[in-house]
Amino acid sequence: MKTKFMFTMLLIITVLLTACAGGNDVAEVDDVIKIVWYPNESGEDIKSSREEIGRLISEATGKKVEHQLTTDYAIAIETLVNNNADFAFMGSQSYIQAKNRNDAIQTIAVRSGESGSLDDAKYYSWLAVNVDEQDKYKVNGEFSLDTIANTKFSFVSNSSTSGFKVPSSSIIAHFAQQEKYANLTEEDLMEGGQLFSQVLFGNSHQGSAVNLLTGNADVAAFCDTCVEDYVEIAEGDENTVGAVYRVKDGAAEPFNTVADKEFTLMNATPVLNEPFVVNMDLIGQEDFDIIQDLLTSDEFSNNEKIFSPEGSEQAALFTKKDKERLIAVEDEWYDPIRELSK
């Protein structure tokens, strides 16, 4: 009887331990650093940048680096939050979402502005329309957000800062002044039938831009830095309302099907630069310090596989026009974006 009782207790303990093992992964520092990349940075065109960053991190830490490419913002965020990735490059809104769900997520560095400081560390969220149809979106000769009602609209992802959060905030603030749209919400902008006749998600900034250029969308939100390797300024000043951009000859996928197509900006809003972030439960303080020293070094900022010189034919993660580099950044720097989420 005693033997049977002991056997039963051992069986119960075994089942309980097995059940616990099947739950959430326990975060711990190991000998592999996993980098998860957004769809915007998962393309073949900047493979050399990903591999160079991986090589440098591996050399600095003595650990193996594995790259995880994604086709969806949500997948990248989940991978980091659920302790399945150590390191990521993500938009500020996505960082805040990840930080809210897992406090171990921490900023490690951000790309500076042309000055080499945080003072101008920004990029631009665009609302764009096709050049041939631009007059539809003007009132008395000026672009007006009033004209985007009942259009087919393309966002990037509802986790994108410049491809959703910033433009949706501007759109809601504008239309909320009209009685018809006084209670307009972000959720209303995610599907047709409220403000827009149809809503598409490009799942990357490149995808949203192509939605516009192929005619699947009338208006699209995407950012300047994510498409700069595919387009060139054709008329006006960069990042200004009315500027016209043209798809470059020989542009890589997905722009290869819309060569020479042009779009114009009806809105351009500055946004805080995207951070590199880490999961501290996985990376550990020692490797955090080593990697931060690497990312913010002259060696890193002068590496042309990562910071391609302006005018270079080589595509890279960043373009270097002047003194751009990575610099350390604290969580509080993203409070202005955090305020948009309240």
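Below you will find a few notes about this structure.

Cut-offs applied
Residues numbered from 1 in each chain as written. Predicted model: local features only at pLDDT ≥ 70, side-chain atom pairs only at ≥ 80, totals over all residues. Heavy atoms only, no water. Helix = DSSP H or I, 4+ residues; strand = E, 2+ residues; numbered from the N terminus. Buried < 20%, exposed > 50% of the residue type's maximum accessible area, 1.4 Å probe, protein only. Contact = heavy atoms within 4.5 Å. Areas by Shrake-Rupley, 256 points an atom, 1.4 Å probe, with all protein chains shown as cover. Lys, Arg positive; Asp, Glu negative; His and termini not counted. Charge placed at Lys NZ, Arg CZ, Asp CG, Glu CD. Pairing = 2+ DSSP bridges. Axes fitted to C-alpha atoms, helices over the stretch in contact; angles between N-to-C directions. Core = buried A, V, L, I, M, F, W, Y, C linked by side-chain atoms within 4.5 Å.

1. Details of the overall build of the chain
Part 1 of the reasoning: For the chain, the helix and strand inventory stands at 11 helices and 17 strands.
Part 2 of the reasoning: Seen along its three principal axes, the alpha-carbon backbone of the chain occupies a region of about 90 × 50 × 35 Å.
Part 3 of the reasoning: Of all 342 residues assigned to the chain, the portion counted as buried reaches 51%.
Part 4 of the reasoning: Of the contacts made within the chain by residues no fewer than 6 positions apart, 70% connect residues no fewer than 24 positions apart.
Part 5 of the reasoning: Surface summary for the chain: the accessible area is close to 16,100 Å², and the carbon and sulfur share equals 47%.
Part 6 of the reasoning: Treating the 27 positive side-chain charges of the chain as one cloud and the 58 negative ones as another, the clouds have centres 5 Å apart.

2. Remarks on unusual backbone geometry
Part 1 of the reasoning: Omega for the bond connecting Glu253 with Pro254 falls within 30 degrees of zero, at 5°, which places this linkage in the cis form.
Part 2 of the reasoning: The backbone of Asn203 sits at a positive phi, close to 65°, despite the residue not being glycine.
Part 3 of the reasoning: Positionally, Asn203 belongs in the loop between strand E9 (198-201) and helix H7 (205-213).
Part 4 of the reasoning: Taking the relative accessible area as the measure of exposure, Asn203 reaches 31% and is therefore partly exposed.
Part 5 of the reasoning: In the Ramachandran plot, Asn239 falls in the positive-phi region, its phi being about 60° despite a non-glycine side chain.
Part 6 of the reasoning: Mapped onto the elements, Asn239 comes out in the loop between strand E11 (231-235) and strand E12 (244-247).

3. Remarks on the environment of Ala259
Part 1 of the reasoning: Position of Ala259 among the secondary structure elements: in the loop between E12 and strand E13 (262-272).
Part 2 of the reasoning: With a relative accessible area of 40%, Ala259 lands in the partly exposed category.
Part 3 of the reasoning: Put simply, Ala259 and Ile77 are 182 residues apart on the chain and 32 Å apart in space, counted from C-alpha to C-alpha.

4. So, the sheet that holds E9
The pairing of strands in a sheet happens through backbone hydrogen bonds and is either parallel or antiparallel.
Part 1 of the reasoning: Spatially, the seven strands line up as an open sheet ordered E9-E8-E10-E5-E13-E12-E11, and their pairing is mixed. Edge positions in the sheet fall to E9 and E11, since each has one partner strand and no second. Each adjacent strand pair in this sheet contributes to an overall mean axis angle of 35°, direction not counted.
Part 2 of the reasoning: In this sheet, E13 lies alongside E12 in antiparallel orientation, the contact comprising three bridges. Counted as the bridge partner of Arg246 is Glu262 from E13.
Part 3 of the reasoning: Helix H5 (residues 161-175) rests against strand E5 (122-130), strand E8 (152-155), E9, strand E10 (219-223) and E13 of the sheet, and its axis sits at about 75° to E5.
Part 4 of the reasoning: In this fold H7 packs onto E5, E8, E9, E10, E12 and E13, with an angle of close to 155° to the strand it touches most, E10.

5. Digging into the nonpolar core
Part 1 of the reasoning: Ranked by size, the top nonpolar core spans 47 residues in total, and within it Trp126, Phe222, Val227, Val231, Phe255 and Phe263 carry the most contacts.
Part 2 of the reasoning: The element best represented in this core is helix H3 (residues 73-81), accounting for five residues.
Part 3 of the reasoning: Sequence-distant contacts of Trp126, that is, excluding residues within four places in its chain, are made with Ala220, Ala221, Phe222, Cys223, Asp224, Val227, Asn239, Tyr245, Phe263, Leu265, Asn267 and Ala268.
Part 4 of the reasoning: Ala109, Met280, Ile291 and Phe318 belong to the second-largest nonpolar core, a separate cluster that totals 26 residues.

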